[in-house]
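Topology and contacts: notes
Now for the letters of each chain:
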Amino acid sequence: MSSVYNQGSTLFLSDALVLSNLSEVDQTVRLLFSEHPSAQWQVNLDTLERLDTAGALFLHQLSALANQHESSLQLGPLPEHLQSIFQFATPLPAAAKPTPARIPFLERFGASAYRFIEHAADFLYLMADLSYFSVQALWNRRAIRRDAFVDQAYAIGAQALPIIGLILFLIGAVSALQSAAQLRQFGADIYVADLLAIGITTELGPLMTAIMVAGRSGSAIAAEIATMKFSEELDALRTMALEPLRFVAVPKMWAMVVTVPLLTVMADFVGILGGTVIGVFSMGISPAAFVTQILSSLFLKDILTGLIKSAFFAWIITVIAVYRGVNFSGGAVGVGQAITSAVVSSLVGIIVLDLAFNLLFY
Amino acid sequence: METAIRIANLRVDYGETPVLKGIDAEVGKGEIAVILGGSGCGKSTLLKTITGLIEPREGRVEILGINTANLDEESQSELAKRLGVMFQYGALLNSLTVGENIALPLEMHTDLPPAQIEQIVRLRLASVSLEGTQDRMPSELSGGMRKRVALARAMALDPEILFCDEPSAGLDPVTAAEIDELLLTLNRALGITIVIVTHELLSIDRLDGRLLMLDEGQVVFSGSVGEAQRSKHDVVYPFFHPGEASS
């Protein structure tokens, strides 16, 4: 404990002046200074036994504190054993903060527009390169590693089967229930089968599969490439005369473009199955009538449109995920941002492509 | 002595910040060149610029008589096959086994049958004292082992120049000495030109190469280890005599 007291204009600081009691000492000293303005203080430190860096800094700043109360202050000699710490803890002048230059609005706007154009150009270059390398890989197999395509197809396609199957089964069932609630009012229950078949094959099947793949595999691709960039693996490939896009991204591109349409076929089937289960067990339509109605409403064009769409969805998901991975910066936070932006941008890309296809085909 | 690397007026910026401010240097064939300097002086940037990973704003880099500026993709690839790079943290491909990492450049750039590639992989692993580790994943290796695998991979295509970024940084003294010995053996036995970035005094002493000392993006000293130790230069002296004041 420290004791702070005064006898006239002499201020006594004794025992300890350390971080743990500094606040208390500071309050007492401020009170004394305010009670005795315009004084000429002498500080007696003869009985001070302990001092740490915080206490030493306080002593250094005591004079300035007295000046605030229009007083002057003279520090007495410190005991020998505390002098080195007092010298060590000399207050450092605060570094002058550079005042940020005020950038005019037009200049900021121009810089933002320039950055946007730069990013867009980078994205288009990467899209062109990746598409070119992917096509080129069809006859130049050496450019990619053996088994890489199979490994990726397994990870992106086979491993996604259960979750996509479950989601589409449930979506099929919900769609059937929702449409049945409306159609029943007109006694047109059987047309649930038509709505279901067309809705799933042309829209919900490809779209939901792509959304699931974007969340599951698009994020994984962005994370993998970002991590590879962070750990210099991409640089290592370049120094081995291997183009990282070709080596890392092309197998992923082909795995996506091949497996997502296959997943969509499965999703279409399972989605319709989910709706059929509702039609048969909840609406009491006979299985034969429901299936016949489904088959009569399906056209090859609808199914093919859905599959072509899904291949393009796979392509845009891969391009965006690779772009986000390659353009990652920073550490762990950067990887997180790359994943988030890969998924969000992929979803936007999927919806925009979907709109374009609908405008084109319907 | 023939020249392996010639650098003239090399300038590199990170955004608005100049990192290399006009580097001029030459490395002879078969020589060990050590690029050294304090943290942030531009050592790794210089190495990455020489190996083509960073594009300079200005200046010229000539490797094995080839000007690296404006090379087309094929020429770049051909040059890269004549160089080996060992990264600071190994940069092994984590999805591949140790053996696959070393075999990768051989599979991609040669028509060797798999059995022969396997032989070469075993030889490379033996040369870095890691026999029998080809089926292990990089994540199962210690820091020192990863660096040795990285060295084996960098040597896979028998490069004419080997670049090493801080090969012994972060390693215990025994492993660091082993890596240095490996590099010396490669240089003596195969005549490989080696360019090393380091700030480890013990390594610098062991490798006994020609030193290129950088400070604030410029070469402030070029000479032997002995000359550097005797130098009274403001930057060189404190580096070789840490804690002592320059007289």
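Just so it is clear, the model here is predicted, and its values are computed rather than measured.

A word on the domain arrangement of chain A. Here the domain parsing of chain A yields domain 1 (2-88) and domain 2 (129-361). Computed over C-alpha atoms only, the centres of domain 1 of chain A and domain 2 of chain A are separated by 73 Å.

For the rest of this paragraph, the subject is the interface of chain B and chain A. Frequently, the measure chosen for interface size is the accessible area removed from exposure when the parts meet. In this assembly, 25 residues from chain B lie in contact with 18 residues from chain A. The contact between chain B and chain A buries some 1900 Å² in all, and 59% of this surface belongs to carbon and sulfur atoms. Linking chain B to chain A there are 3 salt bridges. Put simply, Lys48 of chain B and Asp235 of chain A hold a salt bridge, and the shortest N to O gap is 3.7 Å.

Time to look at the nonpolar core. The tendency in soluble globular proteins is for nonpolar side chains to be buried side by side. In this structure, Leu237 of chain A together with Leu104 of chain B are the most contacted members of the largest nonpolar core, which totals 72 residues. For this core, the element with the most residues is helix H9 (residues 244-281) of chain A, which contributes 15 residues. Leaving out residues up to four positions away in the same chain, Leu237 of chain A has contacts with Met228, Leu242, Pro244, Phe247 and Val248 of chain A together with Leu93 and Leu104 of chain B. Listed in part, the 46 residues of the second largest apolar core include Leu130, Cys164, Phe239 and Phe240 of chain B.

All right, on to the side chain of His241 of chain B then. Residue and element names in this part refer to chain B. Turning to its location among the elements, His241 is positioned in the segment after helix H9 (236-240). In this structure His241 comes out as buried when scored by relative accessible area, which is 17%. Polar side-chain contacts of His241 include one of 3.4 Å to the backbone oxygen of Gln229.

Residues and elements named next belong to chain A. Two numbers describe how helix H5 (residues 148-156) lies on H9: the axes approach to 8 Å, and their chain directions differ by 40 degrees. It follows from the interaxial angle that H5 and H9 lie oblique. Viewed along their axes, H5 and H9 form a crossing whose handedness is right-handed. Counted together, Ala148, Phe149, Gln152, Ala153 and Ile156 of H5 and Pro251, Lys252, Trp254, Ala255, Met256, Val258, Thr259 and Leu263 of H9 form the full contact between these two elements. Residues that form the contact of H5 with H9 fall into these classes: 10 nonpolar, 2 polar and 1 charged.

Moving on: unusual backbone geometry. At Glu70 of chain A, a residue that is not glycine, the phi angle is positive and equals roughly 55 degrees. With respect to the helices and strands, Glu70 of chain A occurs in the loop between helix H2 (53-68) and strand S5 (72-75). A positive phi is found at Asp208 of chain B, a non-glycine position, where the angle reads about 50 degrees. Looking at the secondary structure, you find Asp208 of chain B in the loop between helix H7 (201-207) and strand S9 (210-215). Of the residues examined, Asp208 of chain B reaches a relative accessible area of 53% and is grouped as exposed.

Turning our attention to the pattern of salt bridges. Using the criterion set out here, one finds 23 salt bridges over all chains in the structure. Residue Asp189 of chain A is joined to Arg184 of chain A by a salt bridge in which the shortest nitrogen-to-oxygen separation is 3.8 Å. With relative accessibility at 47%, the residue Arg184 of chain A sits in the partly exposed group. The partner of Arg206 of chain B in a salt bridge is Asp180 of chain B, with the nearest N and O atoms 2.7 Å apart.

Attention now goes to the packing of aromatic side chains. Residues and elements named next belong to chain A. One pass over the structure, following the stated rule, counts 9 aromatic pairs over all chains. The interplanar angle of 55 degrees and the centroid separation of 5.4 Å between the aromatic rings of Phe312 and Phe357 together place this pair among those described as tilted. Taken as a pair, Phe312 in helix H11 (residues 300-326) and Phe357 in helix H12 (residues 332-361) lie far apart in primary sequence, 45 residues in all. With a relative accessible area of 38%, Phe312 lands in the partly exposed category. Site record: aromatic cluster; members linked through ring pairs are Phe312, Trp315 and Phe357.

Turning to the pairing of strand S2 (residues 10-17) of chain A, a few remarks are in order. Residues and elements named next belong to chain A. Counting buried positions along S2 yields 6 of 8 residues, so the element is predominantly enclosed. Judged from the 3 bridges that link them, S2 and strand S3 (residues 40-44) form a sheet pairing that is parallel. Note on S3: the bridge partner recorded for Thr10 is Gln42. With 3 bridges connecting them, S2 and strand S4 (residues 48-51) associate as parallel partners. Counterpart to Leu17 in the pairing with S4 is Leu51.

Looking now at helix H6 (residues 161-183) of chain A. Residues and elements named next belong to chain A. If you check H6, its first and last C-alpha atoms are 32 Å apart, about what 23 residues at 1.5 Å a residue would give, namely 33 Å. All of the buried residues along H6 are Ile164, Gly165, Leu168, Ile171, Gly172, Ala173, Ala176, Ser179, Ala180 and Leu183. Buried residues in H6 make contact with helix H7 (192-230) and H9.

Residue and element names in this part refer to chain B. One open sheet accounts for 6 strands, arranged S6-S7-S8-S3-S9-S10; its pairing is mixed. Of all the strands in the sheet, just strand S6 (83-86) and strand S10 (218-223) have a single pairing partner and so form its edges. The sheet shows a mean angle of 15 degrees between the axes of neighbouring strands, direction not considered. Where helix H1 (residues 43-50) meets the sheet, its contacts fall on strand S3 (32-36), strand S7 (161-165), strand S8 (193-197) and S9, and the angle it forms with S7 comes to roughly 150 degrees. Together, S6 and S7 form the strand contacts of helix H5 (residues 143-154), whose direction differs from that of S6 by roughly 170 degrees.

Calculation rules
- Residues numbered from 1 in each chain as written.
- Chains lettered and ligands numbered in written order.
- Predicted model: local features only at pLDDT ≥ 70, side-chain atom pairs only at ≥ 80, totals over all residues.
- Heavy atoms only, no water.
- Domains from an automatic or database assignment.
- Contact = heavy atoms within 4.5 Å.
- Buried area = accessible area lost by both parts, 1.4 Å probe.
- Salt bridge = Lys/Arg side-chain N within 4 Å of Asp/Glu carboxyl O.
- Core = buried A, V, L, I, M, F, W, Y, C linked by side-chain atoms within 4.5 Å.
- Buried < 20%, exposed > 50% of the residue type's maximum accessible area, 1.4 Å probe, protein only.
- Helix = DSSP H or I, 4+ residues; strand = E, 2+ residues; numbered from the N terminus.
- Polar contact = N/O pair within 3.5 Å; in protein donor to acceptor, adjacent residues only side chain to side chain.
- Axes fitted to C-alpha atoms, helices over the stretch in contact; angles between N-to-C directions.
- Parallel < 35°, antiparallel > 145°, perpendicular 65-115°, else oblique.
- Left-handed = near helix turned anticlockwise from the far one by under 90°.
- Nonpolar A, V, L, I, M, F, W, Y, C, P; charged D, E, K, R; others polar.
- Phe/Tyr/Trp six-rings, centres within 6.5 Å; stacked < 30°, edge-to-face > 60°.
- Pairing = 2+ DSSP bridges.
- Expected span 1.5 Å × (residues − 1).

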